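Architecture at a glance
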Amino acid sequence: RFRIDAEIASVKPFGSGHINDTYRVFNADANGHDYLLQRVNHYVFKNVPQLMSNIVHVTDHLREKLSGLPQEDMERSVLTVIETNDRKPYFQTENGNYWRVFYFLKNTKSYDRVTTAKQAFEGGRAFGSFQALLSDLDVSEVKDTIPKFHDIEYRLYNLHNAMRADKIKRLQYVSAELQFIQQHADKMGEILRLGKEGILPL
């Protein structure tokens with residue numbers, strides 16, 4: 001269903017993610033592209049078409065900003081969405097599952113946990129570069145696919161309701177964690193406040 005340029009040698013589960021089902025697709029040609037195949041969890045992501053539209057919008061913008069890079073460097077710098085045979089960024093099966101495909105980046109490593117200061121620094125630098133490249137993105141095309149997911153006021157409101165109800169009587173076991181959250185709640189809302197005041201752009 002996807003426009004891949006490979007004879008598939010094998011497909012194996014990949015990674016340690018807990019949301020989507022991810023597989024590495026091995027190319028029979030060792031010099032060709034391998035692929036990352038994912039079944040998107042549509043119980044978590046209710047609007048997969050919009051999710052994929054967001055990804056395409058962002059990656060197209062990044063590719064335009066980095067247009068001077070050689071092709072190989074571009075593939076390692078920007079996620080490459082592989083289209084379906086009918087030019088869509090995802091495929092939906094008859095039973096309602098959504099699938100997507102990206103180039104797999106060989107000779108790379110991802111980290112689930114930061115274990116050194118250098119890893120933290122490089123992660124921060126990479127994220128800062130990503131943000132800088134997106135600073136002039138047209139956000140009118142990007143939509144929330146999980147409403148209020150990053151809304152800290154909404155999260156704290158729900159937390160306080162859960163604390164008041166304490167339905168399964170576990171409040172006593174997390175008092176230190178809750179105290180930490182309450183001590184930092186005001187600071188946690190700073191980004192949201194600056195956005196509402198128009199100081200931080202959307």
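Here's what I pulled together on the structure shown here. (Residues numbered from 1 in each chain as written. Predicted model: local features only at pLDDT ≥ 70, side-chain atom pairs only at ≥ 80, totals over all residues. Heavy atoms only, no water.)

**A look at the overall build of the protein chain**
Helix and strand counts for the protein chain stand at six helices and six strands. Ordered by position from N to C terminus, the α and β elements of the protein chain give β-β-β-α-α-β-β-β-α-α-α-α. Principal axes of the C-alpha set define a box for the protein chain whose edges measure 60 × 40 × 35 Å. Taken over 202 residues, the protein chain has a buried fraction of 26%. Summarising the internal contacts of the protein chain: among those between residues at least 6 apart in sequence, 55% fall at separations of at least 24. Put simply, the protein chain shows about 14,800 Å² of open surface, and 54% of that area lies on carbon and sulfur atoms. (Helix = DSSP H or I, 4+ residues; strand = E, 2+ residues; numbered from the N terminus. Buried < 20%, exposed > 50% of the residue type's maximum accessible area, 1.4 Å probe, protein only. Contact = heavy atoms within 4.5 Å. Areas by Shrake-Rupley, 256 points an atom, 1.4 Å probe, with all protein chains shown as cover.)

**Digging into the packing of helix 4 (residues 152–165) against helix 5 (residues 175–188)**
Packing of helix 4 against helix 5 leaves a shortest axis separation of 11 Å and a crossing angle of 150°. With respect to helix 5, the element helix 4 is oriented roughly antiparallel. In this structure, the crossing between helix 4 and helix 5 has a hand that is left-handed. Contacts between helix 4 and helix 5 involve Ile 152, Leu 156, Leu 159, His 160 and Met 163 on the former and, on the latter, Leu 178, Ile 181, Gln 182, Ala 185 and Met 188. (Axes fitted to C-alpha atoms, helices over the stretch in contact; angles between N-to-C directions. Parallel < 35°, antiparallel > 145°, perpendicular 65-115°, else oblique. Left-handed = near helix turned anticlockwise from the far one by under 90°.)

**Points about the environment of Ile 8**
Along the chain, Ile 8 turns up in strand 1 (residues 8–13). On a C-alpha basis, the gap between Ile 8 and Pro 147 in space is 38 Å, while along the polypeptide they are 139 residues apart. Contact partners of Ile 8, with chain neighbours within four places excluded, come to Val 25 and Phe 26.

**Describing the side chain of Glu 75**
Inspection of the secondary structure assignment puts Glu 75 in helix 2 (residues 71–77). It turns out Glu 75 is buried and unbridged, and the closest side chain with the opposite charge, Arg 76, is 7.9 Å from it. If we skip the residues at most four places from it in the chain, Glu 75 touches His 33, Thr 80, Tyr 103 and Leu 105. (Lys, Arg positive; Asp, Glu negative; His and termini not counted. Salt bridge = Lys/Arg side-chain N within 4 Å of Asp/Glu carboxyl O.)

**Describing helix 4**
Between its first and last C-alpha atoms helix 4 spans 20 Å; for 14 residues at 1.5 Å apiece the expected length is 20 Å, and the two agree. N-capping of helix 4 is provided by Asp 151, with a side-chain oxygen placed 3.1 Å from the backbone N of Glu 153. Looking one or two residues past helix 4, Asp 166 carries a phi angle of roughly 40°, positive in sign. (Expected span 1.5 Å × (residues − 1). Polar contact = N/O pair within 3.5 Å; in protein donor to acceptor, adjacent residues only side chain to side chain.)

**As for the packing of helix 1 (residues 48–65) against helix 3 (residues 117–133)**
As a packed pair, helix 1 and helix 3 sit with axes 10 Å apart at the nearest point and diverge in direction by 90°. By the criterion of interaxial angle, the relationship of helix 1 to helix 3 is roughly perpendicular. For the pair helix 1 and helix 3, the contacting residues are Val 58, His 61, Leu 62 and Lys 65 in the first and Phe 130, Ala 132 and Leu 133 in the second.

**Some details on the packing of aromatic side chains**
Pairs of aromatic rings are described using the distance from one ring centre to the other and the angle between the two planes. Summed over the entire model, instances satisfying the criterion amount to five aromatic pairs. Their ring planes at 55° and their centres at 5.7 Å tell us that Tyr 90 and Tyr 98 sit as a pair that is tilted. In this pair, the class of Tyr 90 matches that of Tyr 98, namely buried. If you follow Lys 12 out to its NZ or CZ, it ends over the ring of Phe 26, 5.6 Å from the centre. The positively charged end of Arg 155 is found above the aromatic ring belonging to Phe 149, 5.0 Å away from the centroid. (Phe/Tyr/Trp six-rings, centres within 6.5 Å; stacked < 30°, edge-to-face > 60°. Lys NZ or Arg CZ within 6 Å of the ring centre and 35° of its normal.)

**Thoughts on the pattern of salt bridges**
Tallied over the entire structure, the rule returns 10 salt bridges. Across the salt bridge formed by Asp 60 and Arg 63, the nearest N and O atoms sit 3.8 Å from each other. Taken together, the positions of Asp 60 and Arg 63, both in helix 1 and three residues apart, correspond to about one turn of that helix. For Asp 60, a relative accessible area of 42% translates into the label partly exposed. Across the pair Arg 87 and Glu 83 runs a salt bridge whose closest N-O atoms are separated by 3.2 Å. Through salt bridges with shared partners, a single network forms among Lys 118, Glu 122 and Arg 125.

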